Amino acid sequence: MKNLNVEQWRHLLYKFTSDEDFRPGLQTPFEQNGHVCATETHVILRVDKNLIPKSNDDYTPKYRVPTVAKVMPTPNPTFTISLKEIQSCLVALGLNYDSLSKQCPECGGRGDVDWYYTDRDGDTHTKMDDCPYCEGSGDIHNGNDRYCSIGDRATLAYYLILVHYVMAHLDIKTLKCTWGKGCLLFNLTDGVDILVLTVSIPETKKTFPIKIKEL
């Protein structure tokens, strides 16, 4: 595994945090049981705090945060997935695996849309407001409408792009996989885990399988 500095770890952790104001505890990484965790509730990055160089960063929770250990399955890997196979799956879905976001298709990246209302007299009124799809940012998560199937389950392609992102930054080529209840635990290396939510495989053409290697 490639050694990262404080800023590089901070950069990775914040890719997993939430941007929702009603969940202030999830807007920043937080320390818990010897780990630094970051999550928006559907995907979790957990890093042994000893892997992160000492700094002035304070990851002590300031608000209510979930107990990550309760949802993390006991590591018992039954198969592996390579970085190359993740890339192949994402390419087959028409996705750029090096990009975490893409232009919002609803507003064309502007961040705003025009609303039209026709009153009882037949007059049309127009108002510009934040795009409801990207909430005014102009960008959305890349792969938020496609799925990667793994065995008899599937996970959002965006989560695999996040996994790929971390693997690439840490120079990790293969990860070990453990099934949990409604989730899949990816062990990238000792002290670095990513948990993703899984669902039944959708009946859609926007799904593609990842090749796995049984242990």
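Here goes a summary of the coordinates provided. Just so we're clear, the structure is a prediction, and the values are computed from it rather than from any experiment.

1. Quick look at empty space enclosed by the protein
If you walk through the whole model with that rule in mind, you get 1 cavity of 30 Å³ or more. Of the pockets and cavities examined, the largest cavity occupies roughly 40 Å³. Lining of the largest cavity is provided by Gly25, Thr28, Pro29, Phe30, Thr60, Pro61, Lys62, Tyr63 and Val65. Across the lining of the largest cavity, the residue classes break down as 5 nonpolar, 3 polar and 1 charged.

2. As for the pairing of strand S7 (residues 124-130)
Across 7 bridges, the pairing between strand S6 (residues 112-118) and S7 is antiparallel. Paired with Asp114 across the bridge in S7 is Met128. The antiparallel hairpin formed by S6 and S7 contains 5 residues in its connecting segment, where Gly122 sits at a positive phi of about 85 degrees.

3. As for the environment of Ile194
Among the secondary structure elements, Ile194 is positioned in strand S13 (residues 192-197). For Ile194, a relative accessible area of 0% translates into the label buried. Counting along the chain gives 53 residues from Ile194 to His141, while the straight-line C-alpha distance between them is 18 Å. Residues in contact with Ile194, not counting those within four places in the same chain, are Phe16, Val43, Ile44, Leu45, Val163, Val166, Leu184, Leu185, Phe186 and Leu188.

4. Remarks on a negative patch on the surface
Judged by side-chain charge, Asp19, Asp21, Asp129, Asp130 and Glu135 come together as a negatively charged surface patch. Along the chain, the position of Glu135 falls in the loop between S7 and strand S8 (139-141). With a relative accessible area of 66%, Glu135 lands in the exposed category.

5. Points about the sheet that holds strand S12 (residues 183-189)
Sheet strands associate in pairs through backbone hydrogen bonding, adopting either a parallel or an antiparallel arrangement. The 8 strands lie next to each other as S1-S2-S3-S13-S12-S11-S4-S16, forming an open sheet whose pairing is antiparallel. A single partner strand is all that each edge strand has here, and the edge strands are strand S1 (30-32) and strand S16 (213-214). Here 5 bridges tie strand S11 (residues 174-180) to S12, and the two strands are oriented antiparallel to one another. Within the sheet, the bridge partner assigned to Gly180 lies in S12 and is Cys183. Relative to the sheet, helix H1 (residues 6-14) contacts strand S2 (35-39), strand S3 (43-48) and S13, its axis offset from that of S3 by approximately 155 degrees. Its contacts with the sheet place helix H3 (residues 157-170) against S3, S11, S12 and S13, and it is angled at close to 170 degrees to S13.

6. Considerations on the packing of helix H2 (residues 83-92) against H3
One way to put it is that H2 packs onto H3 with a least axis distance of 10 Å and a crossing angle of 145 degrees. Crossing of H2 over H3 shows left-handed handedness. The segment H2 lies against H3, with Leu83, Ile86, Gln87 and Leu90 engaging Ala157, Leu160, Ile161, Val163, His164 and Met167. Here the contact of H2 with H3 is composed, by residue class, of 8 nonpolar, 2 polar and no charged.

7. Comments concerning the nonpolar core
Core analysis: the biggest nonpolar cluster contains 45 residues, and Ile81, Ile86, Val163, Phe186 and Ile194 have the highest contact counts within it. Looking at which element gives the most residues to this core, the answer is H3, with 11 residues. When sequence neighbours within four positions are dropped, the list of residues in contact with Phe186 reads Ile81, Ile150, Leu160, Val163, Leu175, Lys176, Cys177, Val192, Asp193, Ile194 and Val196. Counting residues in each nonpolar core, the second largest holds 10 residues, with Leu26, Phe30, Cys37 and Met72 among its members.

Scoring rules and cut-offs
- Residues numbered from 1 in each chain as written.
- Predicted model: local features only at pLDDT ≥ 70, side-chain atom pairs only at ≥ 80, totals over all residues.
- Heavy atoms only, no water.
- 1 Å grid on protein atoms, 1.4 Å probe; cavity = no way out; pocket = protein on both sides within 12 Å on 5 of 7 lines; lining within 4 Å.
- Points joined across faces, edges and corners; volume = space filled by probe spheres on them.
- Nonpolar A, V, L, I, M, F, W, Y, C, P; charged D, E, K, R; others polar.
- Pairing = 2+ DSSP bridges.
- Helix = DSSP H or I, 4+ residues; strand = E, 2+ residues; numbered from the N terminus.
- Buried < 20%, exposed > 50% of the residue type's maximum accessible area, 1.4 Å probe, protein only.
- Contact = heavy atoms within 4.5 Å.
- Patch = residues over 30% accessible without salt bridge, like charges linked within 9 Å, V, L, I, M, F, W, Y side chains within 5 Å.
- Areas by Shrake-Rupley, 256 points an atom, 1.4 Å probe, with all protein chains shown as cover.
- Salt bridge = Lys/Arg side-chain N within 4 Å of Asp/Glu carboxyl O.
- Lys, Arg positive; Asp, Glu negative; His and termini not counted.
- Charge placed at Lys NZ, Arg CZ, Asp CG, Glu CD.
- Axes fitted to C-alpha atoms, helices over the stretch in contact; angles between N-to-C directions.
- Left-handed = near helix turned anticlockwise from the far one by under 90°.
- Core = buried A, V, L, I, M, F, W, Y, C linked by side-chain atoms within 4.5 Å.

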